[in-house]
Amino acid sequence: MNFVKTLAVAATAAVGLTGAAFADGHEKTKVGFIYVGPVGDFGWSYEHDQGRKAVVEAFGDKVETTYVESVPEGPDAERVIRQMAQSGHDLIFTTSFGYMNPTIKVAKQFPDVKFEHATGYQRADNVSTYSGRFYEGRTVIGHIAGKMTETNKIGYIASFPIPEVVRGINAAYLAAKKANPDVEFKIVWVSTWFDPGKEADAANALIEQGVDVIMQHTDSPAAMTIAEEKGIYAFGQASDMKEFGPNARLSSIIDNWGPYYVSRVQAVMDGTWESTDTWDGIAPGLTEIGEFSDKIPADVQAEATAIKDAIVAGELHSFTGPINKQDGTPWLAEGETADDGTLLGMNFYVEGIEGELPN
Amino acid sequence: MDFSALNPIALVASLVVAATPLLFAALGELVTEKSGVLNLGVEGMMIFGAICGFAISVESGSPWLGLVAAAIGGALISLIFGVLTQVLLSNQVATGLALTMFGLGLAALIGQPYAGIKPPSFPKLDLPVLSDLPVIGPLLFQYDYMVYVSLALTVGIWLFLTRSRAGLVLRAVGENHDAAHSLGYNVILIRLAAIAFGGACAGLGGAYLSLIRVPQWTEGMTAGAGWIALAIVVFASWKPWRVLLGAYLFGGVTILQLNLQALGISIQSQYLSMTPYLVTIIVLVIMSADRSRAALNAPASLGRVFHKTG
């Protein structure tokens, strides 16, 4: 009896599906995602996958999503992207900077497939780019870091010297310096997006040098765990990371990709998708600031909130002159703000940061 | 440059912590390879040990129980490889690679509920007087217990391989399985035991990472350590003491470059990152340049399929 019932339900479902497919002329929209880390990294890739889940929730049966995780940047990425394009995907999100060239290359061979590349700067007719103005978030947490450090040494765990990361360091430094003129940044490049062991070692090395607040631009919560263990402060990166450092976490920069992904999938369904360049900050909600820890004094919380509100209102730009480059050459004059072109290609430290930018 | 801010004692201490997971995994793989089996699944066994150890520690509240579970877990998953390659005679390279992928996937599955949980902290050695000595204390007597276990294991494996009859039999199986077989030794059983031992060690290495070095569970957290362990075995030309040297060298280079950067000394981190691999390649070149030496070092039956009729 049950078996028959199951069969009947299945048959109805099948009829329903084909009916729907016929009704609007095409089948489910197939959307693919390629992640640089595991979806369980509780950082960058995790948040992209939350975005994918938002797409599933928004469109239900009308969409089919697939993802491939832990895809190394390089030749292997091209193979994975091509495979996805070949297997009938309508829209493919490649979610790491290093996928830029492979995405462009594969996109040329599959003009009917739409591609979206995160954090890159190369576009094509069927390749959009999108990213968050995470540096706006860095301005807010940089201010908090400057106020909270007692040793006046802030540690920064960086991944690769690409503009996105350099921009984050500069924005955080400028904000921290403004909040606390004695502040000093110690930057460690780990040459990886995801390696909890190495990230933890980097955190330990920084703490050894007297750092008492850590910021990171890598994907795992390892540094947060070490900060918790050693009793210093840190910030969640890409994801809130609160559970990894209930005492250590001061605030966080959260990437909220969901609304963007939903709107892009909708555009493909409607046939209105166009190659665009999206770069959204705190105001449109792509970049979010996590809840403030009660370890932050009320006046500092108020200042941070004021900075955030000013950014949202468009009254404050993270890079407002006068700012000199590291070598002392002037970059922005008094009151001048940086244009997006310079920001997107940023390959220099601002004045005051010590150490040489690797290339 | 101001090197005075660089504390050599702290540097050595973090070097040891960074090297210990590699040391465990590489020692296990050394024994496996000495028996003539090439198991490329070290990464999979490590990550599986990492989650087994983490899960059991959290559930039981005892890090020791977690370590035991990690060793058992690593051994069990390695026995899948053992049965496939030794009983069903599958290709060792392909099966080892499959084991890595299987281990990564299974660990991710088991690990779902354990993200963001803090494991019980691991006790450190605290000897009266000795641990409190200046310089010597932090340098020698203040590590967590597993560091001493890993060092004891190095000595134990060296003694076993060079000084014991059982070790001689294991090496005989690795050098010439047909001869060992004709002498009446059960090649398959001996190899299965070596594989399980290798798995248990890799499991311990993984658990060291998730319970002591980081300590947290994150998917894929071994991030290639298993592959480095494989390289170390070759670098060490299958000798336990050189495995120790290799692991500390690999760990040391990583720690040194991170600390130098924190000091603000600009070095291209890429150069330092590739140094250990470069050294491995150079060692390989030197070894293979002298064919008789290479033949002496690598187990002669390494990776070859054994069949009783063969």
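Residues numbered from 1 in each chain as written. Chains lettered and ligands numbered in written order. Predicted model: local features only at pLDDT ≥ 70, side-chain atom pairs only at ≥ 80, totals over all residues. Heavy atoms only, no water.

1. Some details on the overall build of chain B
- When you go through chain B residue by residue, the secondary structure sums to 13 helices and 0 strands.
- Going from the N terminus to the C terminus, chain B shows its helices and strands as α-α-α-α-α-α-α-α-α-α-α-α-α.
- Over its C-alpha atoms chain B spans a radius of gyration of 20 Å, differing by no more than 12% from the 19 Å that the globule rule assigns to 310 residues.
- Its C-alpha atoms give chain B principal-axis dimensions of about 65 × 50 × 40 Å.
- Counting every position in chain B, which comprises 310 residues, the buried fraction comes to 53%.
- In chain B, of all internal contacts separated by at least 6 residues, the share reaching a separation of at least 24 is 76%.
- For chain B, the exposed area adds up to about 12,800 Å²; of that, 72% sits on carbon and sulfur atoms.
- Both charge centroids of chain B, one from 14 positive and one from 12 negative side chains, sit 13 Å from each other. (Helix = DSSP H or I, 4+ residues; strand = E, 2+ residues; numbered from the N terminus. Rg over C-alpha atoms; globule rule 2.2 N^0.38 Å. Buried < 20%, exposed > 50% of the residue type's maximum accessible area, 1.4 Å probe, protein only. Contact = heavy atoms within 4.5 Å. Areas by Shrake-Rupley, 256 points an atom, 1.4 Å probe, with all protein chains shown as cover. Lys, Arg positive; Asp, Glu negative; His and termini not counted. Charge placed at Lys NZ, Arg CZ, Asp CG, Glu CD.)

2. Thoughts on the packing of aromatic side chains
Residue and element names in this part refer to chain A.
- Throughout the structure, instances matching the rule amount to 30 aromatic pairs over all chains.
- Ring geometry for Trp-44 versus Phe-134: centroids 6.1 Å apart, planes at 80°, classification edge-to-face. Placement of the pair is Trp-44 in helix H2 (residues 44–59) and Phe-134 in helix H5 (residues 134–148), with a sequence separation of 90 residues. By the burial criterion, Trp-44 is buried, and Phe-134 matches it.
- Both rings, one in Phe-97 and one in Tyr-121, keep their centres 6.3 Å apart while their planes meet at 50°; by these two values the pair is tilted. With Phe-97 in the loop between strand S3 (91–94) and helix H4 (100–109) and Tyr-121 in the loop between strand S4 (114–118) and strand S5 (127–132), this pair connects stretches of sequence that are 24 residues apart.
- With a relative accessible area of 18%, Phe-97 lands in the buried category.
- Its guanidinium or amino end placed over the ring of Phe-348, Lys-325 lies 4.5 Å from that ring's centre, counting from NZ or CZ. (Phe/Tyr/Trp six-rings, centres within 6.5 Å; stacked < 30°, edge-to-face > 60°. Lys NZ or Arg CZ within 6 Å of the ring centre and 35° of its normal.)

3. Observations concerning the sheet that holds strand S8 (residues 213–216) of chain A
Residues and elements named next belong to chain A.
- Taken together, 6 strands build an open sheet; the order of strands is S7-S6-S8-S9-S10-S12 and the sheet is mixed. The sheet is open, and its two borders are formed by strand S7 (184–189) and strand S12 (287–289), each paired with just one other strand. In this sheet, neighbouring strand axes are inclined to one another by 15° on average, regardless of whether the strands run parallel or antiparallel.
- Pairing analysis gives 4 bridges linking strand S6 (residues 153–158) to S8, with the strands arranged parallel. Note on S8: the bridge partner recorded for Gly-155 is Ile-214.
- Helix H6 (residues 163–179) rests against S6, S7 and S8 of the sheet, and its axis sits at about 165° to S7. (Pairing = 2+ DSSP bridges. Axes fitted to C-alpha atoms, helices over the stretch in contact; angles between N-to-C directions.)

4. Regarding the sheet that holds S5 of chain A
Residue and element names in this part refer to chain A.
- The strand order across the open sheet formed by 6 strands is S2-S1-S3-S4-S5-S11, and the pairing between neighbours is parallel. Two strands bound the open sheet, and with one partner strand each, they are strand S2 (63–68) and strand S11 (277–280). Geometrically, the sheet is characterised by an average inter-axis angle of 15° between neighbouring strands, direction not taken into account.
- Here 4 bridges tie S3 to S4, and the two strands are oriented parallel to one another. Looking at S4, one finds that Thr-94 is bridged to His-117.
- Seen against the sheet, helix H9 (residues 258–270) touches strand S1 (29–34), S2, S3, S4, S5 and S11 and runs at an angle of roughly 155° to S3.

5. Remarks on the interface of chain B and chain A
- Tallying the contact residues gives 31 residues for chain B and 35 residues for chain A.
- Buried area between chain B and chain A, both sides added, is near 2,600 Å², and the carbon and sulfur share of it is 53%.
- Counting the surface chain B buries against chain A, the share from its top three residues, Glu-219, Leu-258 and Ala-262 of chain B, is 21%.
- Where chain B touches chain A, the interface holds 1 salt bridge.
- Arg-213 of chain B serves as the salt-bridge partner of Asp-201 of chain A, at 2.3 Å between the closest nitrogen and oxygen.
- The tally of links from chain B across to chain A stands at 6 residue pairs in polar contact (both at pLDDT 80 or more).
- Ranked by residues supplied to the side of chain B that touches chain A, first place goes to helix H11 (residues 240–263) of chain B with 8 residues.
- Its residues assigned to classes, the side of chain B that touches chain A shows 15 nonpolar, 14 polar and 2 charged. (Buried area = accessible area lost by both parts, 1.4 Å probe. Salt bridge = Lys/Arg side-chain N within 4 Å of Asp/Glu carboxyl O. Polar contact = N/O pair within 3.5 Å; in protein donor to acceptor, adjacent residues only side chain to side chain. Nonpolar A, V, L, I, M, F, W, Y, C, P; charged D, E, K, R; others polar.)

6. Some words on the packing of helix H1 (residues 8–34) of chain B against helix H9 (residues 187–213) of chain B
All names here are of chain B.
- Where H1 meets H9, the axes come as close as 7 Å, and the angle between the chain directions of the two elements is 170°. Viewed along their axes, H1 and H9 adopt a mutual orientation that is roughly antiparallel. In contact with Val-17, Ala-18, Thr-20, Pro-21, Phe-24, Ala-25, Gly-28, Glu-29, Val-31 and Thr-32 of H1, H9 contributes Ala-194, Ile-195, Phe-197, Gly-198, Cys-201, Ala-202, Leu-204, Gly-205, Tyr-208, Leu-209 and Arg-213.
- Residue composition of the contact of H1 with H9, grouped by class: 14 nonpolar, 5 polar and 2 charged. (Parallel < 35°, antiparallel > 145°, perpendicular 65-115°, else oblique.)

7. As for the domain arrangement of chain A
All names here are of chain A.
- Taken domain by domain, chain A comprises domain 1 (27–132 + 257–280) and domain 2 (134–247 + 287–344).
- With centres defined by C-alpha atoms, the gap from domain 1 to domain 2 works out at 28 Å.
- Across the boundary between the two partners, domain 1 contributes 17 residues, which contact 21 residues of domain 2.
- For the pairing of domain 1 and domain 2, the buried interface totals around 1,500 Å² over both sides, and the portion due to carbon and sulfur atoms is 67%.
- Taken as a group, Phe-42, Trp-44 and Trp-279 account for 38% of the area that domain 1 buries against domain 2, more than any other trio of residues on that side.
- Counting across the domain 1 and domain 2 interface gives 0 salt bridges.
- Applying the counting rule to domain 1 against domain 2 returns 3 residue pairs in polar contact (both at pLDDT 80 or more).
- Secondary structure elements with two or more residues in the side of domain 1 that touches domain 2: H2, S5 and S11.
- Sort the elements by how many residues they give to the side of domain 1 that touches domain 2 and H2 lands first, with 3 residues.
- When the residues that make up the side of domain 1 that touches domain 2 are grouped by side-chain class, the tally is 8 nonpolar, 5 polar and 4 charged. (Domains from an automatic or database assignment.)

8. Observations regarding unusual backbone geometry
All names here are of chain A.
- For the bond from Gly-321 to Pro-322, the omega torsion is 5°, close enough to zero to count as cis.
- In this structure, Pro-322 sits in the loop between helix H10 (298–312) and strand S13 (323–324).
- Phi is positive for Ser-191, close to 55°, though the residue is something other than glycine.
- Position of Ser-191 among the secondary structure elements: in the loop between S7 and helix H7 (196–208).

9. Brief notes about a nonpolar patch on the surface
Residue and element names in this part refer to chain B.
- On the surface, a nonpolar cluster with roughly 510 Å² of combined accessible area is contributed by Ile-80, Val-83, Leu-84, Val-87, Leu-88 and Phe-102.
- As for its position among the elements, Phe-102 is in helix H4 (residues 92–111).
- Classification of Phe-102 by relative accessible area gives partly exposed; the value is 40%. (Patch = residues over 30% accessible without salt bridge, like charges linked within 9 Å, V, L, I, M, F, W, Y side chains within 5 Å.)

10. Regarding the nonpolar core
- By size, the foremost hydrophobic cluster in this structure holds 104 residues, and its most contacted members are Ile-157 and Ile-214 of chain A together with Val-42, Met-146, Trp-217, Ile-232 and Val-243 of chain B.
- For this core, the element with the highest residue contribution is H9 of chain B, accounting for 14 residues.
- Residues contacting Ile-157 of chain A, with those up to four places away along its chain left out, are Val-188, Val-190, Glu-199, Ala-202, Ala-203, Leu-206, Ile-214, Met-215, Gln-216, His-217, Thr-218 and Ala-223 of chain A.
- With 90 residues, the next largest nonpolar core counts Trp-44, Ala-77, Leu-91 and Val-265 of chain A among its residues. (Core = buried A, V, L, I, M, F, W, Y, C linked by side-chain atoms within 4.5 Å.)

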